[in-house]
Amino acid sequence: LDFVIQYLRGVIAGDGSFHSWRDKKGSLHSTLHIFEPNGDAVSDISKLLSHLDIHGNYKPAKTKMFVYTSYINWEGLLNIYKLQLLNQKTNILASVIKKHKRFRSLKYLIALPEKFSTNEFVNHSERLRGYCTTWLRDRQKEDLIEKIESKSGEIMWRLTKKSEDFKNVVADALSKTP
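Remember, predicted model here, so these are calculated numbers, not experimental data. The residue count restarts for each chain, going from 1 along the sequence in the order it is written. Totals for whole chains, interfaces and linings use all residues, but because this is a predicted model, local features are given only for residues with pLDDT of at least 70 and pairs of side-chain atoms are given and counted only at 80 or more. To get the side-chain values, all heavy atoms of the structure are used, and hydrogens and water are removed first.

Enquirer: Could you give me a rundown of the sheet that holds strand β6 (residues 145-148), with the residues and numbers involved?
Expert: A pair of strands is labelled paired if DSSP reports no fewer than 2 bridges between them. Secondary structure elements follow DSSP: runs of H or I no shorter than four residues count as helices, runs of E no shorter than two count as strands, and numbering proceeds from the N terminus. Strand order in the open sheet made by the three strands is β5-β7-β6, with antiparallel pairing throughout. The open sheet has two edge strands, β5 (115-117) and β6, and neither has a second partner. Averaged over all adjacent pairs, the angle separating strand axes in this sheet is 35 degrees, with direction ignored. Pairing of β6 with strand β7 (residues 156-159) involves four bridges; the strand directions are antiparallel. If you follow Glu146 over to β7, its bridge partner there is Arg158. Strand contacts of helix α6 (residues 118-125): β5 and β7, with the helix running at about 85 degrees to β5, the strand carrying the most contacts. The axes are straight lines fitted to the C-alpha atoms, using for helices just the contacting stretch, and the angles between their N-to-C directions are given from 0 to 180°. Every residue pair with non-hydrogen atoms within 4.5 Å of one another is taken to be in contact.

Enquirer: Could you give me a rundown of the packing of helix α3 (residues 74-83) against helix α8 (residues 161-175), with the residues and numbers involved?
Expert: Any two packed helices are characterised by the angle at which their axes cross and by the distance between the axes. Here α3 crosses α8 at 70 degrees, and the two axes come no closer than 10 Å. With respect to their mutual orientation, α3 and α8 come out roughly perpendicular. For the element pair α3 and α8, the recorded crossing hand is left-handed. Where α3 approaches α8, its residues Trp74, Glu75, Leu78, Tyr81 and Lys82 are matched on the opposing element by Lys162, Asp165, Phe166, Val169, Val170, Asp172 and Ala173. To sort the angles, those under 35 degrees are grouped as roughly parallel, those over 145 as roughly antiparallel, those from 65 to 115 as roughly perpendicular, and the leftovers as oblique. It is the rotation of the near helix from the far one that decides the hand of a crossing: anticlockwise by less than a right angle makes it left-handed, clockwise makes it right-handed.

Enquirer: Got a sec to walk through the sheet that holds strand β1 (residues 16-22)? Specific residues and values, please.
Expert: One open sheet accounts for four strands, arranged β1-β2-β4-β3; its pairing is antiparallel. Every interior strand has two partners, whereas the edge strands, β1 and β3 (57-60), have only one. Averaged over all neighbouring strand pairs, the angle between strand axes comes to 25 degrees, with direction disregarded. Where β3 lies against strand β4 (residues 66-71), four bridges are found, and the strand directions are antiparallel.

Enquirer: Any details on helix α2 (residues 39-51)? Residues and values, ideally.
Expert: Relative to the 18 Å expected for 13 residues at 1.5 Å per residue, α2 spans 19 Å between its end C-alpha atoms, a close match to the ideal helical length. Exposure categories follow from relative accessible area, calculated using a 1.4 Å probe and restricted to protein chains: below 20% of the type maximum is buried, above 50% is exposed, and the middle band is partly exposed. Those residues of α2 that fall on the buried side of the exposure criterion are Ala41, Val42, Ser43, Ile45, Ser46 and Leu49. Those residues of α2 that are buried lie in contact with α1 (2-15), β2 (28-36), β3 and β4. Between N or O atoms, a polar contact is any pair within 3.5 Å; within protein, one atom must be a potential hydrogen donor and the other a potential acceptor, and residues adjacent in sequence are included only when both atoms are from side chains. The N-terminus of α2 is capped by Asn38, whose side-chain oxygen sits 2.8 Å from the backbone nitrogen of Asp40. Once α2 ends, the next one or two residues include Asp53, with phi positive near 65 degrees. Working rule for helices: expected span equals 1.5 Å times residues minus one.

Enquirer: If you had to explain the packing of α1 against α2 to someone new, which residues and values would you point to?
Expert: For the pair α1 and α2, interaxial distance at closest approach is 11 Å and the crossing angle is 125 degrees. By the angle between their directions, the pair α1 and α2 is classed as oblique. Note that α1 runs across α2; the crossing there is left-handed. The residues of α2 that touch α1, namely those facing Val4, Tyr7, Leu8 and Val11, are Ile45, Leu48 and Leu49. For the contact of α1 with α2, the residue count by class is seven nonpolar, no polar and no charged. Amino acids are sorted into nonpolar (Ala, Val, Leu, Ile, Met, Phe, Trp, Tyr, Cys and Pro), charged (Asp, Glu, Lys and Arg) and polar (every other residue, Gly among them).

Enquirer: Describe the pairing of β1, with residues and values.
Expert: Sheet topology places β1 next to β2; seven bridges connect them, and they run antiparallel. Each residue of the ladder has a partner; that of Trp21, found in β2, is His29. Remark: five residues form the turn of the hairpin made by β1 and β2, two consecutive strands paired antiparallel; Gly26 in that turn has positive phi of roughly 95 degrees.

Enquirer: Give me a positive patch on the surface: which residues, what numbers.
Expert: Side chains of Arg22, Lys99, Lys101, Arg104, Lys107 and Arg127 sit close together on the surface and give a patch of like positive charge. Looking at which element gives the most residues to the positive patch, the answer is helix α5 (residues 101-110), with three residues. As for its position among the elements, Arg22 is in strand β1. Judged by its relative accessible area of 42%, Arg22 is partly exposed. Excluding any residue in a salt bridge, patches collect residues exceeding 30% relative accessible area, merging like charges within 9 Å and nonpolar Val, Leu, Ile, Met, Phe, Trp and Tyr side chains within 5 Å. Where accessible areas are quoted, they stem from the Shrake-Rupley method and a 1.4 Å probe; at the residue level, only the protein chains shown are allowed to cover. The term salt bridge refers to a pairing of a side-chain nitrogen on Lys or Arg with a carboxyl oxygen on Asp or Glu at a separation within 4 Å. Within this scheme the basic residues Lys and Arg register as positive and the acidic residues Asp and Glu register as negative, but His and the chain ends are omitted. A charged residue contributes its charge at one atom only: NZ of Lys, CZ of Arg, CG of Asp or CD of Glu.

Below, the structure written as structure tokens:
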């Protein structure tokens, strides 16, 4: 897997581009493009990226090139950052992650301990209890936290492996942005 990641880093650094922009409504969009003259090579690159959960497609361009395009969602941004596929553009990617709407809704995860109660989350977030309850249920559906039994009757939560990965990636991205 390390060889594949190193190879993809080189391909993206030499023949790729990453763009991020906001549309008229303020939504953040990101794309990864790779330009390759060999159709078999771009097909293989597409398969390798697919195995890393970065999905896109390719088509011939007018200039005897193939263009691979991937519209990157939140999970893809985190995955590209975690694998450091953009090399020199890591700071740009960190800035995009920080500006993404999913970051704003998940920022509370970063400072949470491995186990916490609903009351502790309410105090930590400084939000209303109703908002916090909904937030916790939504994160449970996303498999970022799980409900655990409490002997005292208070609802307790535990971070999952997926949220620990998220915390590490986002904390690192935050350290690279001003």
